[in-house]
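# Architecture and fold: a report
Here is how the chains run, residue by residue.
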Amino acid sequence: MSDPELFRQAFRRHATTVALLTYRNDDGAPVGMTATSMCSLSADPPSLLACINRETRAHPEILGKGAFGVDLLAISQRSIAYQCGTPGRDKLIRPAWLARDAPADGSPRLAQSLAHLECTIDGSYDAYSHTIIVGLIRSVWLNPVEAPPLLYHGGVCGQRVPAAGRVERFHWEIGGE
Ligand SMILES: Cc1cc2nc3c(=O)[nH]c(=O)nc-3n(C[C@H](O)[C@H](O)[C@H](O)COP(=O)(O)O)c2cc1C
């Protein structure tokens, strides 16, 4: 791949769920970094991958802790994804976003997330601008209330309109009804 713009255009067509990597900073305050590079690795042992840019503040903080949480975000958490996904912005997780019943010794968990995965770092591999982190999943929390996931597609976070729905609307407009 020699053309970065073609690379970006191709990945704008790649829909992913939006995750928040959570941890506590050196003052013990809950912090999050938005990430779409997260994916499952294996079921046995339960594990996942996340790729973190080495220039982010989260990079030394998460690797230094050796543990982090992964919150799978719901559509209602869009503003959190932007707050915690913009370089230079304050990444503190507001008290109103937090689950009150989350264990105090774990990584921060958000109240409205679809799921929370508690991980310890089992390996890290530098690759180009990023570090690939292998997270061994220690515990899983599932929100009993189901909600639509927050998706990243076309350069924006939102809720993807299913292709079938868009085609139907198109025919409806052509037909003029
Ligand atoms: C939708 C979205 C997805 C992102 N995915 C990643 C990712 O997978 N890995 C990464 O390193 N940064 C990702 N970022 C960028 C980081 O969230 C952002 O650079 C980081 O919060 C900057 O932190 P800093 O201000 O502490 O340096 C993403 C940002 C957004 C908005």
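As a reminder, the structure under discussion sits directly above these lines.
Now for a description of the structure that goes with this document. (Residues numbered from 1 in each chain as written. Predicted model: local features only at pLDDT ≥ 70, side-chain atom pairs only at ≥ 80, totals over all residues. Heavy atoms only, no water.)

## Description of the pattern of salt bridges
The following threshold applies: For salt bridges, the criterion is a side-chain nitrogen of Lys or Arg within 4 Å of an Asp or Glu carboxyl oxygen. Each helix is a run of DSSP H or I of at least 4 residues and each strand a run of E of at least 2, with the numbering of both proceeding from the N terminus. Accessibility here uses a 1.4 Å probe with only protein chains present; expressed as a share of the type maximum, an area under 20% marks a residue as buried, one over 50% as exposed, and anything in between as partly exposed.
Under the counting rule described, the total for this entry stands at six salt bridges. Arg12 is paired through a salt bridge with Glu5; the nearest N and O atoms lie 3.7 Å apart. When the shortest N-O distance is used, the salt bridge between Lys65 and Asp26 registers 3.7 Å. Residue Lys65 is found in helix α2 (residues 58–65), and its partner Asp26 is found in the loop between β2 (19–24) and β3 (30–35); the two are separated by 39 residues along the sequence. Given a relative accessible area of 75%, Asp26 falls into the exposed group. Counted as one network, the salt bridges with shared partners bring together Glu5, Arg8 and Arg12.

## So, the sheet that holds β3
Heads up, the rule is: In this scheme, strands are said to pair when DSSP sees at least two bridges between them. Helix axes use the C-alpha atoms of the stretch in contact, all axes being lines fitted to C-alpha atoms, and the angles between their N-to-C directions lie in the range 0 to 180 degrees. Residue contacts follow a heavy-atom distance rule, with two residues in contact if any of their heavy atoms lie within 4.5 Å.
Across the sheet, which stays open at both edges, the seven strands sit in the order β3-β2-β6-β7-β8-β5-β4 with antiparallel pairing between neighbours. Both outer strands of the open sheet, β3 and β4 (39–43), are each paired with one neighbouring strand and no more. For this sheet, the mean angle separating the axes of adjacent strands, direction not counted, is 35°. Here strand β5 (residues 46–53) pairs with strand β8 (residues 130–142) via seven bridges, running antiparallel. By the bridge assignment, Leu48 is partnered in β8 with Gly135. Lying on the sheet, α2 is in contact with β2, β3, β5, β6 (67–72), β7 (115–127) and β8; it crosses β2 at an angle near 65°.

## Here's the deal with the environment of Pro45
Along the chain, the position of Pro45 falls in the loop between β4 and β5. The partly exposed category is assigned to Pro45, whose relative accessible area is 42%. Once the C-alpha coordinates of Pro45 and Ile137 are considered, the two residues, 92 residues apart in sequence, prove to be 7.9 Å apart.

## Quick word on the packing of aromatic side chains
Heads up, the condition is: Only Phe, Tyr and Trp rings are paired, with Trp represented by its six-membered ring, and only when their centres lie within 6.5 Å; those with planes under 30 degrees apart are stacked, over 60 edge-to-face, the remainder tilted. In this analysis the charged atom, NZ for Lys or CZ for Arg, is taken to sit over a ring once it is within 6 Å of the ring centre and within 35 degrees of the ring normal.
Here the structure, examined in full by the defined rule, presents one aromatic pair. Between the aromatic rings of Phe7 and Phe11, the centroid separation amounts to 5.2 Å while the plane-to-plane angle is 50°, which identifies the pairing as tilted. One end of the pair, Phe7, and the other, Phe11, are both in helix α1 (residues 4–12), four residues apart, so they sit about a helical turn from each other. A relative accessible area of 42% places Phe7 in the partly exposed class. The ring of Trp141 is capped by Arg109, whose NZ or CZ atom sits 3.8 Å from the centre of that ring.

## Description of the layout of surface pockets
Put simply, the test is: Lining residues are those with an atom within 4 Å of a point, where the points come from a 1 Å grid over the protein atoms alone and group into cavities, where a 1.4 Å probe fits but cannot get out, or pockets, open sets with protein on both sides within 12 Å along at least five of seven lines. Grid points are joined across faces, edges and corners, and a volume is the space filled by probe spheres set on the points. In this count, Pro and Cys sit with the nonpolar residues alongside Ala, Val, Leu, Ile, Met, Phe, Trp and Tyr, while Asp, Glu, Lys and Arg are called charged and the others, Gly among them, polar.
By volume, the largest pocket is sized at about 1500 Å³. Lining the largest pocket are 43 residues; nearest its centre among them are Ala35, Thr36, Ser37, Cys51 and His130. Top contributing element to the lining of the largest pocket by residue count: β3, with five residues. Partitioned by chemical class, the residues of the lining of the largest pocket number 21 nonpolar, 15 polar and seven charged.

## Digging into the site of the ligand
As a reminder, the rule being used: For this purpose, a residue is taken to be near a molecule or strand whenever a single non-hydrogen atom of the residue falls within 4 Å of it. Each polar contact in these results corresponds to two N or O atoms within 3.5 Å; when the atoms are within protein, one needs to be able to donate a hydrogen and the other to accept it, and residues that are neighboring in sequence are counted only if both atoms are side-chain atoms. Here, Shrake-Rupley sampling with a 1.4 Å probe gives the accessible areas, and only protein chains in the shown set may cover a residue. The rule for placing a molecule in a cavity or pocket is simple: more than half of its atoms must lie within 2 Å of the grid points.
Neighbouring residues of the ligand: 18 residues in total, closest Ser37, Asn53, Arg57, Gly88 and Lys91. Within the side chain of Ser37, an N or O atom sits 2.8 Å from an oxygen atom of the ligand. Separating an oxygen atom of the ligand from a backbone N or O atom of Asn53 is a distance of 2.7 Å. A total of 630 Å² of accessible area belongs to the ligand in isolation, and the protein chains cover 85% of it. Under a 2 Å grid-point criterion requiring more than half of the atoms, the pocket assigned to the ligand is the largest pocket.

## Some thoughts on the pairing of β5
For β4 and β5, the ladder comprises four bridges, and the chain directions are antiparallel. Residue pairing for β5: Cys39 is matched across the bridge by Leu49. Counting the residues in the hairpin turn of β4 and β5 gives two residues.

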